Amino acid sequence: MKSRGLAALQANAALTTFDFNRRELGEHDVNLDIAYSGICHSDIHQVRQEWGPAIFPMVPGHEIAGTVTGIGSSVTKFAVGDLIGVGVYIDSCRTCESCKQGLQQYCESGMTGTYNSLERDGKTVAYGGYSNNFVINQDYAVHIPANLSLAGVAPLLCAGITLYSPLKKWGVKPGMKIGVMGLGGLGHMGVKFAHAMGAEVTVFSHSPDKATDALAMGADHFVVTKDISTLKPLYKTFDLILNTVSADLDINIYLDMLKLDGTLVVIGLPGVPYSVNADSLLNGRRRIAGSMIGGIPELQEMLDFCGQHSIVSDVEIISADYANTAYERTVASDVKYRFVIDATSI
Ligand code: NAP
Ligand code: ZN
C-alpha cells in the first residue's frame, strides 16, 4: 500500500516528506486513513538516538487517530467508517504470560513498536503515524468514542494510557495525594485523570507560566521547582508521584516528598541513569517503580473512561511543515500541551 509520511532519513535529520510502501491488507488487518498523529517526546528521543541506535529512514508517530477504510476477510472487531486508534505497538508474541494477561507492552520477547522496529517477520520495517494511512492487525487497534474531538484523542494513544495505567495500578482514589512532575504531553494527562479519579493533585513544574493552565486542568496545587527550599514543607506528604520529566533530574528530592510506603513511578525516559540516595528510600519504606504505556484492554478502558468523562488532550493542531519547529518547541518545554499533526497536510 502506498503511503506518504514525514521521515527522518538519518539520525538527527530534520523531518522531510517521504514516500514508502506499507504491507497490503491481510486477512486480520484493518486499513485506516490517519486524521491526526500526536508528537510524543519519545519520537524526538528516537530520531536523535538518545535511547541508542535506531532504524532509518524513520517515520515516527505512535499516537494515531483515524477512520477505518478497509477490513480483511476475517476482521470482526471493526467495520469501514469506524473511528480507530493505534498506539505505541502493533504486535507482540501473543503467547507469553504478559500477552496472555493483556499486558502486551511487557511481552517477554518484546513488543513490536509502531516504528523504529521490525515487524514480527524480522525484516519488514515498521513505519509510524506521521503519515496519511496505516495498516494494522485488528487485535492491536482500539475503538474511539464518537463524542470526543479526534485531534484531542490522538495523544491519548500514548500520553493518555501512559498516565492512566499507573494511576489505576496504584489504586488512586479520592483523598489520595498525587504529584505529577512535568506538565507536558504526558503530565497534563496525568493531572486530568488523577483529578477525575478524585485525588488531590500537585504539579511540579519548572515553567511558572503553566500555573493557570494546570489549575484549569484540575490540579489543586502548582509548585515551581526552581527553588528547592520551597519544597521542604511538602516532605512526607504524597502517596504517589509520577515522574514524566523528559530530562535528567535529581529524583531524591521527590522521594523525600513521599509518605510512608509511598511510590515514585518513573515514566520519563531521559536515556541516562538516575542516582538514588539509599537514605531517601529506607526512611519511609519508599519505593521506586516504573510503568510503560498500557495493554490493549486497558487502552480501550482508558478511551471509554475518556468518553464518559469527556477527557481529551489539550492540543495544538499543526500542519506537516511545522513539525520540525514543533520538535524544537517540545524540547524547550514550550508545548501546550501536545502537538498534533493534521495528516491531511502531509
Ligand atoms: P514533553 O511533552 O516534552 O513533557 C516533558 C515535560 O518535562 C516538559 O513539558 C517539562 O515540564 C518537563 N521538563 C523538560 N525538561 C526539563 C528539565 N530540564 N528540567 C525539569 N523539567 C523538565 O514530553 P512527553 O511527551 O510528555 O514525554 C515525557 C517523557 O516520558 C519522555 O522522556 C518520553 O520519552 C517518556 N515517555 C515514556 C513513556 C512510558 O511508557 N513510560 C511513554 C511515553 C513517553 P514543565 O515545563 O512543567 O517543567
Ligand atoms: Zn509516546
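You'll find the structure just up there.
Figured I'd write up the structure that's included with this text.

To continue, consider the site of ligand 1. The environment of ligand 1 is formed by 30 residues, the closest being His41, Ser205, His206, Ser207 and Arg338. The separation between an oxygen atom of ligand 1 and a polar side-chain atom of Ser42 is 2.8 Å. Between an oxygen atom of ligand 1 and a main-chain N or O atom of Gly185, the distance comes to 2.9 Å. Among the secondary structure elements, those contributing two or more residues to the shell around ligand 1 are helix H1 (41–47) and helix H5 (185–196). Examining the composition of the shell around ligand 1, we find that three residues originate from one element, H1, more than from any other. Residues belonging to the shell around ligand 1 are distributed by class as follows: 12 nonpolar, 16 polar and two charged. If you count residues domain by domain, the shell around ligand 1 takes at least three from each of domain 1 (2–158 + 314–345) and domain 2 (160–290).

With that settled, the discussion passes to the packing of aromatic side chains. Across all of its chains, the model carries 10 aromatic pairs by this definition. Both rings, one in Phe204 and one in Tyr254, keep their centres 5.4 Å apart while their planes meet at 80 degrees; by these two values the pair is edge-to-face. Of this pair, Phe204 sits in strand S13 (residues 200–205) while Tyr254 is found in helix H7 (residues 252–255), placing the two residues 50 residues apart along the sequence. A relative accessible area of 2% places Phe204 in the buried class. With relative accessibility at 6%, the residue Tyr254 sits in the buried group.

Calculation rules
- Residues numbered from 1 in each chain as written.
- Chains lettered and ligands numbered in written order.
- Predicted model: local features only at pLDDT ≥ 70, side-chain atom pairs only at ≥ 80, totals over all residues.
- Heavy atoms only, no water.
- Near = heavy atom within 4 Å.
- Polar contact = N/O pair within 3.5 Å; in protein donor to acceptor, adjacent residues only side chain to side chain.
- Helix = DSSP H or I, 4+ residues; strand = E, 2+ residues; numbered from the N terminus.
- Nonpolar A, V, L, I, M, F, W, Y, C, P; charged D, E, K, R; others polar.
- Domains from an automatic or database assignment.
- Phe/Tyr/Trp six-rings, centres within 6.5 Å; stacked < 30°, edge-to-face > 60°.
- Buried < 20%, exposed > 50% of the residue type's maximum accessible area, 1.4 Å probe, protein only.

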